[in-house]
Amino acid sequence: MRAIASINGECLPLAEARVPALDRGFLFGDAVYEVIRVYRGKPFLFEEHLARLRRSLDAIRLPYTDFDGLRQRVLRVIREHGFQEAIVYIQITRGSDVSRHHVFPEHPVPLEFFYVEEFHDHLEAQREHGVRVITHPDWRWQRCDIKSTNLLPNVLAAQAAREAGAYEALLYLPDGTLLEGSRTSCFAVLGGKLLTAPAAPNILPGITRALVLRLARQQGVAVEERVFRVADLPHVTELFLTGTTSEILPIVQVDNQVIGNGQPGPITRSLQRAYRQLVDAL
Ligand code: PDD
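Residues numbered from 1 in each chain as written. Predicted model: local features only at pLDDT ≥ 70, side-chain atom pairs only at ≥ 80, totals over all residues. Heavy atoms only, no water.

A. Quick peek at the layout of surface pockets. One number sums up the size of the largest pocket: a volume of about 1,200 Å³. Lining the largest pocket are 43 residues, with Tyr-33, Lys-147, Ser-182, Arg-183 and Thr-184 sitting closest to its centre. Elements with a minimum of two residues in the lining of the largest pocket: strand 3 (31-39), helix 2 (46-59), strand 6 (111-118), helix 5 (152-163), strand 9 (177-181), helix 6 (207-218) and strand 14 (238-243). Looking at the lining of the largest pocket residue by residue, the classes come out as 17 nonpolar, 16 polar and 10 charged. No fewer than three residues from each of domain 1 (3-118) and domain 2 (124-280) sit in the lining of the largest pocket. The wall of the second largest pocket is formed by Glu-124, Arg-127, Glu-128, Glu-247, Ile-248, Arg-269, Gln-272, Arg-273, Tyr-275 and Arg-276. Only helix 4 (124-129), strand 15 (247-254) and helix 7 (266-280) provide two or more residues apiece to the lining of the second largest pocket. (1 Å grid on protein atoms, 1.4 Å probe; cavity = no way out; pocket = protein on both sides within 12 Å on 5 of 7 lines; lining within 4 Å. Points joined across faces, edges and corners; volume = space filled by probe spheres on them. Helix = DSSP H or I, 4+ residues; strand = E, 2+ residues; numbered from the N terminus. Nonpolar A, V, L, I, M, F, W, Y, C, P; charged D, E, K, R; others polar. Domains from an automatic or database assignment.)

B. The arrangement of helix 2 in detail. Under the 1.5 Å per step criterion, the end-to-end length of helix 2 is 20 Å for 14 residues, consistent within 8% with the ideal 20 Å. Here helix 2 has its buried residues at Phe-46, His-49, Leu-50, Arg-52, Leu-53, Ser-56 and Leu-57. The buried residues of helix 2 occupy an angular sector of 160° when the element is viewed end-on, so they sit on one face. Summarising the contacts, the buried residues of helix 2 are in contact with strand 3, strand 4 (42-43), helix 3 (67-80), strand 5 (86-93) and helix 6. The positive-phi residue at the C-terminal boundary of helix 2 is Arg-61, with phi of around 55°. (Expected span 1.5 Å × (residues − 1). Buried < 20%, exposed > 50% of the residue type's maximum accessible area, 1.4 Å probe, protein only. Arc of directions from axis to C-beta. Contact = heavy atoms within 4.5 Å.)

Pasting the structure below:
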């Protein structure tokens, strides 16, 4: 896949990109990131992603401020290398120190890494017919609202899903509360209402989640930011995932539980159409 990277403003092919072994992103996961979808050469919801990047940086007290420069560098790589359908991955780390210490370096010099990579969307059929997912315990920490690169619990849950032949793992708390997927947000239709976990420190405030909430309200759907549980699944009539690359992906089965009539439902379909219209108008 064609991919161009930039490290502290220097461009090179992604396969040749290197960071120092003492980089704190590598040693401690002391880093935050974003993933942005590019459609027809245009980044989708770019400002929203940059705003969340800023919030993540503030939350871990990482003194990186060059958002205008970053925006220009990303746009330049997309333009100069002729990317059309692509993703942008951005990661800012707290940089390197002279040796490994948990505490921050006295004068941290952040590392800015991003790449733009061609993206082939293989999810058309799944968006049409829906996917199967599994449930998995949520083993993450108490600040999942920070988009940090500490993704081991997400990685293990995603791998469990893959080994079960499922698309995604829905993460649940000890009381059965379903929060989100390993790399996606999750919505349910229950009692005629569209539900998703409230924006709180135990979920990532998804950019696609916020857009879908807005679209649903515009369509007159009754929306509530309220959690639902594993025990609710037999009564859930529609269930779907949202995310930057997944977009809006219907779920037709969770573990052994078929959702609704086993087909993507009308609210999911109408949100998918509205999403597509926005992308087409970009
Ligand atoms: N994942 N929840 C989690 C835990 C996520 O990691 C993501 C994004 C989302 C969806 O957020 P958004 O709509 O802003 O993409 C929800 C990215 C894409 C990733 O890790 O690759």
